[in-house]
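# Secondary and tertiary structure notes
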Amino acid sequence: LLGRKDLMWFVFSLYGFATFLSLCVFTELIFKDIQPIMSFHWWPVAGPLFYVYFGSIYVPAFIGMGLLLLECRKSAPDKRKKLTIFLIGSFCGSAGGFSNFPLWVGVEIPPIGHLPTLFYPLIISYGAFRYRITDYNEWTFRVLSFFCWSFLLAAVMAYALVRCH
């Protein structure tokens, strides 16, 4: 999405949504409550802004996959092979992650799609390294910074949850 000048407004609006939603995380607007559902002792219950949250994840994912598919159709065979790997990885990640959401809205379907989600980083990494799309040093820096930011965010959220209860 970042390479398309005509979609930059969409990307910036998504950043705006993400900022707004990150401010709403500690309220009951996105996650109203935590209740036992099926065999899970703690499962979030959707709040009024949950659908905005859901849309902010899956609308850009499906648009990105659609753009990849369109590019695949009009590309040369060697580029098509590269893009197909990323399309498969994106589909695995989205389909696997999607299985979490029905329980949040009260539909008792177990989140059984986690296995494809595990393949997402493996497939994307394979494609990036196989076709030399990213420099190894840059990739290592991005992965390490992602883990550092994830750890920091998890620590802040854990601290907030402990302080709230």
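Refer to the structure presented above.
Here's what I pulled together on the structure shown here.

Cut-off values and rules
Sequence order as written defines residue numbering, which begins from 1 separately in each chain. Where local features are concerned, this predicted model is filtered to residues with pLDDT of at least 70; where side-chain atom pairs are given and counted, the filter is 80 or more; whole-chain, interface and lining totals use all residues. By convention in this description, side-chain values take in all heavy atoms of the structure and omit both hydrogens and water. We define a salt bridge as a side-chain nitrogen of Lys or Arg found within 4 Å of a carboxyl oxygen belonging to Asp or Glu. Elements are defined by DSSP. Helices are runs of H or I of four residues or more, strands are runs of E of two residues or more, and each kind is numbered from the N terminus. Throughout this description, buried means an accessible area under 20% of the type-specific maximum (1.4 Å probe, protein chains only), exposed means over 50%, and partly exposed covers the range between. Only Phe, Tyr and Trp rings take part, Trp by its six-membered ring, and two of them pair if their centres are within 6.5 Å. Stacked means planes under 30 degrees apart, edge-to-face means over 60, and tilted covers everything else. Definitions used for this entry: grid spacing 1 Å over protein atoms alone; cavity, a set of points where a 1.4 Å probe fits but cannot get out; pocket, an open set with protein on both sides within 12 Å along at least 5 of 7 lines; lining residue, one with an atom within 4 Å of a point. Grid points are joined across faces, edges and corners, and a volume is the space filled by probe spheres set on the points. Polar here means any residue outside two lists: the nonpolar Ala, Val, Leu, Ile, Met, Phe, Trp, Tyr, Cys and Pro, and the charged Asp, Glu, Lys and Arg; Gly therefore counts as polar. Between any two strands, at least two bridges found by DSSP are needed for them to pair. The patch calculation keeps residues exceeding 30% relative accessible area without a salt bridge and links them within 9 Å when they carry like charges or within 5 Å when they are nonpolar (Val, Leu, Ile, Met, Phe, Trp, Tyr). Under the convention used here, a 1.4 Å probe and the Shrake-Rupley method define accessible areas, while residue burial counts only the protein chains that appear.

### A look at the pattern of salt bridges
- Applying the stated rule across the entire model yields two salt bridges.
- Residue Lys 74 pairs with Glu 71 through a salt bridge whose shortest N-O separation is 4.0 Å. One end of the pair, Lys 74, and the other, Glu 71, are both in helix H2 (residues 50–74), three residues apart, so they sit about a helical turn from each other.
- Classification of Lys 74 as exposed rests on a relative accessible area of 66%.
- On the basis of relative accessibility, which here comes to 28%, the residue Glu 71 falls in the partly exposed class.
- Salt-bridge contacts for Glu 71 lead to Lys 79; the nearest nitrogen and oxygen are separated by 3.3 Å.

### Thoughts on the packing of aromatic side chains
- Within this structure, the stated rule accounts for 19 aromatic pairs.
- Aromatic pair Trp 9 and Phe 10: ring centres 5.7 Å apart, planes at 70°, arrangement edge-to-face.
- With a centroid separation of 4.8 Å and an interplanar angle of 40°, the aromatic rings of Phe 40 and Trp 43 are classed as tilted.
- For Trp 43, a relative accessible area of 10% corresponds to the buried category.
- Taken together, the aromatic side chains of Phe 31, Phe 50, Tyr 51, Tyr 53, Phe 54, Tyr 58, Phe 62, Phe 98, Phe 101 and Trp 104 make up a single cluster linked through ring pairs.

### Here's the deal with the layout of surface pockets
- Estimates place the volume of the largest pocket at around 2,200 Å³.
- If you trace the largest pocket, you find 45 residues lining it, with Ile 57, Pro 60, Ala 61, Ser 90 and Tyr 120 closest to the centre.
- Mapped by element, the contributors of at least two residues to the lining of the largest pocket are helix H1 (8–24), H2, helix H3 (77–98), helix H4 (101–104), helix H5 (114–130) and helix H6 (136–164).
- Looking at the lining of the largest pocket element by element, the count peaks at 12 residues for H2.
- In terms of residue class, the lining of the largest pocket is made up of 30 nonpolar, 10 polar and five charged.
- Lining of the second largest pocket is provided by 13 residues; of these, Val 25, Thr 27, Phe 31, Ile 34 and Leu 161 occupy positions nearest its centre.

### Examining the pairing of strand E2 (residues 40–46)
- Bridging between strand E1 (residues 31–37) and E2 involves five bridges; their strand directions are antiparallel. Counterpart to Ile 37 in the pairing with E2 is Phe 40.
- In this structure, the hairpin formed by E1 and E2 is closed by a connection of two residues, where Met 38 is found at a positive phi of approximately 55°.

### Some points on a nonpolar patch on the surface
- Among the surface-exposed residues, Tyr 51, Val 105, Val 107 and Ile 109 lie close enough to one another that they form a single nonpolar patch of about 360 Å² accessible area.
- Examined against the element boundaries, Val 105 turns out to sit in the loop between H4 and H5.
- Judged by relative accessible area, which is 37%, Val 105 ranks as partly exposed.

### Section: the environment of Val 11
- Within the secondary structure, Val 11 is located in helix H1.
- Sequence-wise, Val 11 and Pro 60 are 49 residues apart; in three dimensions their C-alpha atoms are separated by 8.5 Å.

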